[in-house]
Amino acid sequence: MRYDIAIVGSGPAGLAAAINAKIRNKNIIVFGNDNISAKLVKAPSIDNYLGINSISGLNLKNKFKEHIDDMGIEITEKRVNNIYSMGEYFAIASGDDIYEATTVVLATGVEYGRMLKGEEEFLGKGVGYCATCDAMLYKNKDVAIIGHNHEAEEEANFLSEIAKSVTYIPTYKLESKLNDSINIIEDRPVEIKGDQLANKLVLKNSELDIDGIFIIKDSVSPKYMVPGLEVEGPHIKCDKDMNTNIEGLYVAGDCAGKPYQYLKSAGQGQIAVSSAISYLDKKRIKEKTLLNA
Ligand SMILES: Cc1cc2nc3c(=O)[nH]c(=O)nc-3n(C[C@H](O)[C@H](O)[C@H](O)COP(=O)(O)OP(=O)(O)OC[C@H]3O[C@@H](n4cnc5c(N)ncnc54)[C@H](O)[C@@H]3O)c2cc1C
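Rules and cut-offs
- Residues numbered from 1 in each chain as written.
- Predicted model: local features only at pLDDT ≥ 70, side-chain atom pairs only at ≥ 80, totals over all residues.
- Heavy atoms only, no water.
- Pairing = 2+ DSSP bridges.
- Helix = DSSP H or I, 4+ residues; strand = E, 2+ residues; numbered from the N terminus.
- Axes fitted to C-alpha atoms, helices over the stretch in contact; angles between N-to-C directions.
- Buried < 20%, exposed > 50% of the residue type's maximum accessible area, 1.4 Å probe, protein only.
- Salt bridge = Lys/Arg side-chain N within 4 Å of Asp/Glu carboxyl O.

Draft legend 1. The sheet that holds strand S13 (residues 207-209), seen in detail. Taken in spatial order, the three strands make up an open sheet running S11-S12-S13, and their pairing is antiparallel. Since the sheet does not close on itself, it has two edges, and those belong to strand S11 (189-194) and S13, each with one partner. Strand-to-strand, the axes of this sheet are offset by a mean angle of 20°, without reference to chain direction. Bridge analysis of S11 against strand S12 (residues 198-203) gives five bridges, and the strand direction is antiparallel.

Draft legend 2. Expanded view of the pairing of strand S14 (residues 212-216). With five of its five residues buried, S14 lies for the most part within the structure. Side chains Gly-212, Phe-214 and Ile-216 project from S14 onto one buried face, and the interleaved Ile-213 and Ile-215 project onto a second face that is buried too. Pairing analysis gives five bridges linking strand S8 (residues 142-147) to S14, with the strands arranged parallel. For Gly-147, the partnering residue across the bridge sits in S14 and is Ile-216.

Draft legend 3. Highlighting the pattern of salt bridges. As enumerated under the stated definition, the model contains 15 salt bridges in all. The residue Asp-97 makes a salt bridge to Lys-78 at a minimum N-O spacing of 2.2 Å. Taken together, the positions of Asp-97 in strand S6 (residues 97-106) and Lys-78 in the loop between strand S3 (75-76) and strand S4 (82-85) put the pair 19 residues apart, joining distant regions of the chain. For the salt bridge of Glu-287 with Lys-283, the shortest nitrogen-to-oxygen distance reads 2.9 Å. With a gap of four residues between them, Glu-287 and Lys-283 both fall in helix H7 (residues 262-292), about one helical turn apart.

Here it is as structure tokens:
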């Protein structure tokens with residue numbers, strides 16, 4: 001199955017892209033989570049959303065959800081780890097699954113927090129962003145997971161069946177149940193240290209000797225998600241039509257740059273999808289012409 005458009009992110013940018021693509025009868029897949037967007041849900045009161053004066057983030061989220069449900073748009077609750085341009089299409093990797101789409105709209109939002117000291121240095125050298133993808137590398141090893149959201153708990157449970165030990169460090173209020181074998185430490189991660197490979201996680205009040213660290217965040221830097229993608233700091237470089245430097249790959253919302261706002265994000269979702277549809281149309285005409293030649 002090859003989708004016309006894969007939308008990565010279920011916040012205002014991703015969902016605006018999804019409804020516009022659906023209106024244009026495109027075959028889409030939307031990756032994200034059922035909660036729509038943690039940033040949306042957290043907003044106490046929103047006063048700058050045109051047509052709705054003063055609404056809580058939770059209520060606006062419910063309105064978004066009603067809208068997509070009415071249109072029959074489903075969110076595939078999976079985290080995308082990597083996107084590879086294969087020329088004619090994109091291969092989208094999520095855990096062990098690979099999806100195909102002719103175009104992609106990246107609407108992943110942006111991480112407000114800074115990277116941990118040592119995170120970039122040891123990325124791919126004992127530090128990773130997807131425990132389910134890399135679990136086998138840590139068979140019988142000691143691993144730490146810094147969890148920024150509930151999804152990280154699933155990754156920790158999965159890893160605990162393979163690794164020798166898993167230590168879970170939540171950066172949010174932990175409520176759900178982790179497997180009994182998982183050691184939980186409620187402390188602030190400060191730094192990752194190592195030689196060739198990461199081997200120590202420094203917390204505010206203690207240190208852990210480890211063989212690997214997974215950091216499970218709401219969004220991962222696009223630079224690591226899409227090889228060859230041009231970025232500027234935490235943002236993806238794009239033009240006014242939301243084209244990135246990779247043909248067929250578009251961007252919308254916070255990950256395209258400031259200001260960080262709902263309406264701007266939703267507007268860019270719409271532009272990104274219009275650009276994706278123009279690309280699909282041109283591609284179809286080109287293929288037809290080649291067939292008839
Ligand atoms: C507390 C707070 C209050 C705010 N108040 C306002 C306000 O009043 N007015 C205003 O205009 N703006 C406000 N903002 C800013 C607003 O929240 C953002 O600008 C907006 O949410 C950006 O939308 P987005 O779709 O680009 O990204 P997000 O809303 O961040 O959504 C991105 C989604 O993509 C998902 N995702 C990320 N990576 C992946 C992946 N690899 N695979 C699958 N899914 C992925 C994330 O889980 C998330 O669900 C506020 C922000 C905060 C934090």
